[in-house]
Amino acid sequence: MNVDMFISELINEVKRVLNEQAFLRSRAIISLLFKPISLIRVGRQAELARLPILLVRTVNGVLPVIPESTWRGSMRSIGEAIAKTLSSSFKGVERLIVKSHYEEYEGTLRHKVDLEFKKVSETELIGKISSKVRSLGVKFSSRLFPDEPASLRECEHILSMACPICRLWGGLGYRGKLVIGDTTIEKAKVHNRTHVSINRCALVRMEGALFTVEYLYTNNSIKLEIIAENLQPKTSEAKIFAATLGWITKLGLSIGGFKSRGAGHLKLDEEKSQVYLVDYDIISKEQLVKALTKPKEVAERMSVKEYITYLVK
């Protein structure tokens, strides 16, 4: 694929995504229940030699919480690995952008597509993209592209829209299709463990450098609710999410810190997990208001495996 063809496909993909996101076509409420297999470690700022758990104040008092960022980070890492594996099945610009998707050390998402074009300088590629974007009359960044962009970062907002990974989980300046909620845990107990600090240079323990870590222990199920909007079957992002759910169904999910010490492993309870799907393209006018305000009452109810099949059928 040459540069001009890449730019043309990129702009067409941006137009398609804008048109798709202009309307609410479908909404799936995915209720996942997990059984804790081990202690859970989701912490906050250290207090001297103690690492406390993360707490939040609720109407039921101060409770431990698993924040949205913890859930999203764990699931996104699985999804990114799956997307790289599936990239050969994607077409055109999606395949190139998924292959170029990576996360910098500080957590910034990037797409190093300039590596695909050995004969084209980064400045020339940026100039071609930015001129086409200006013709759309759309502002994707906090400011319009400058006449002489300094780096490819100026185009990341556009590239994110053509990246199935970013469309699913979110990218620079782009909200993903998955909305994930925080999870508070009731009737949980705090378990303390004392660990020894390690000298990373000598790879031996450091004398007199003990620290105590707080973990959560609960026999209750832990509920995660995900809302997927406009996640249409057979699309690249649908395939990625279906494979991610399949991974979690078989292998479970690891969250939080100290995973290398065996903490944070959860097993999906398939029997208690449910998906409620509303297709607004086919719903009747009489049910429309209820579908928007109380979607579970008119939604098609299915299991996680049935929803996976729906996404890839």
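Cut-offs and rules
Residues numbered from 1 in each chain as written. Predicted model: local features only at pLDDT ≥ 70, side-chain atom pairs only at ≥ 80, totals over all residues. Heavy atoms only, no water. Helix = DSSP H or I, 4+ residues; strand = E, 2+ residues; numbered from the N terminus. Buried < 20%, exposed > 50% of the residue type's maximum accessible area, 1.4 Å probe, protein only. Contact = heavy atoms within 4.5 Å. Areas by Shrake-Rupley, 256 points an atom, 1.4 Å probe, with all protein chains shown as cover. Expected span 1.5 Å × (residues − 1). Arc of directions from axis to C-beta. Phe/Tyr/Trp six-rings, centres within 6.5 Å; stacked < 30°, edge-to-face > 60°. Lys NZ or Arg CZ within 6 Å of the ring centre and 35° of its normal. Salt bridge = Lys/Arg side-chain N within 4 Å of Asp/Glu carboxyl O. Pairing = 2+ DSSP bridges. Polar contact = N/O pair within 3.5 Å; in protein donor to acceptor, adjacent residues only side chain to side chain.

Colleague: What's the story with the overall build of the protein in this structure? I'm lost.
Modeller: A count of helices and strands for the protein gives 10 helices and 15 strands. Residue burial in the protein is summarised as follows: out of 313 residues, 48% are buried. Sequence separation of at least 24 residues holds for 70% of the intrachain contacts in the protein that already meet a minimum separation of 6. Carbon and sulfur atoms make up 52% of the accessible area of the protein, which totals about 16600 Å².

Colleague: Sorry, what's going on with helix α1 (residues 3-21) here?
Modeller: Counted at 1.5 Å a residue, the expected span for α1 with its 19 residues is 27 Å, and the 27 Å between its end C-alpha atoms agrees. Buried residues of α1: V3, F6, I7, L10, I11, E13, V14, V17 and E20, and no others.

Colleague: Help me out: how do you make sense of helix α10 (residues 304-312) in this one?
Modeller: Every α-helix carries 3.6 residues per turn, so stepping three or four residues along brings you back to the same face. Listing the buried residues of α10 in full gives V304, Y307, I308, Y310 and L311. Around the axis of α10, the buried residues are gathered within 160° of arc, so they sit on the same side. The inward-facing, buried residues of α10 contact β1 (26-36), β11 (222-229), α7 (236-251), β14 (274-279) and β15 (300-302).

Colleague: Mind showing me how you'd approach the packing of aromatic side chains here?
Modeller: Both the distance between ring centres and the angle between the ring planes are used here to describe each pair of aromatic rings. On inspection of all chains with the given rule, the structure shows four aromatic pairs. On the numbers, 6.3 Å between centres and 75° between planes, the contact of W169 with F241 is edge-to-face. Taken together, the positions of W169 in helix α6 (residues 164-169) and F241 in helix α7 put the pair 72 residues apart, joining distant regions of the chain. Accessibility expressed as a relative area gives 3% for W169, which makes it buried. One Lys or Arg, R193, reaches over the ring of Y215 and ends 5.5 Å from the middle of that ring.

Colleague: In this structure, what is going on with the pattern of salt bridges? I would like to understand it.
Modeller: When the charged atoms of two side chains with opposite charge come close together, those side chains can pair. Under the counting rule described, the total for this entry stands at 16 salt bridges. Here E13 ties to R16 by a salt bridge, and the two come within 2.9 Å at their closest N and O atoms. Taken together, the positions of E13 and R16, both in helix α1 and three residues apart, correspond to about one turn of that helix. Of the charged contacts in the structure, one is a salt bridge between D269 and K35, with a shortest N-O distance of 3.9 Å. Residue D269 is located in the loop between β13 (265-268) and β14, and its partner K35 is located in strand β1; the two are separated by 234 residues in the primary sequence. Note on K35: relative accessible area 42%, which makes it partly exposed. Three or more residues joined by partner-sharing salt bridges are found here, namely E13, R16, E20, E94, R167, K177 and E237.

Colleague: Would you explain the pairing of β1 in this entry?
Modeller: Within a regular beta strand, the side chains point alternately toward one face of the sheet and then the other, so they alternate between its two faces. The element β1 is largely enclosed, with a buried count of nine among its 11 residues. As judged from the six bridges shared by β1 and β14, these two strands associate in the antiparallel manner. From the neighbouring strand, S26 faces β14, where its bridge partner is D279.

Colleague: Whenever I open this one, unusual backbone geometry confuses me. Can you help?
Modeller: With the exception of glycine, most residues fall at negative phi, and the peptide bonds are largely trans. Look at K187: it is not a glycine, yet its phi comes out positive at around 55°. Within the fold, K187 resides in the loop between β8 (183-184) and β9 (189-199). Unlike most non-glycine residues, N230 shows phi in positive territory, near 55°. Structurally, N230 is set in the loop between β11 and α7.

Colleague: Mind showing me how you'd approach the side chain of S38 here?
Modeller: Topologically, S38 is positioned in the loop between β1 and β2 (50-51). A polar contact of 3.1 Å, which involves the side chain of S38, links it to the backbone oxygen of G262. A distance of 3.1 Å separates a polar side-chain atom of S38 from the backbone nitrogen of H265. If sequence neighbours within four positions are ignored, S38 has contacts with G262, A263, G264 and H265.

Colleague: Explain the side chain of E94 here, please?
Modeller: For E94, the position within the fold is in helix α3 (residues 92-100). Within the local environment of E94, its side chain forms a polar contact with the side chain of R167, the two groups lying 2.6 Å apart. Not counting chain neighbours up to four residues away, the residues in contact with E94 comprise E13, R16, A162, P164, R167 and S236.

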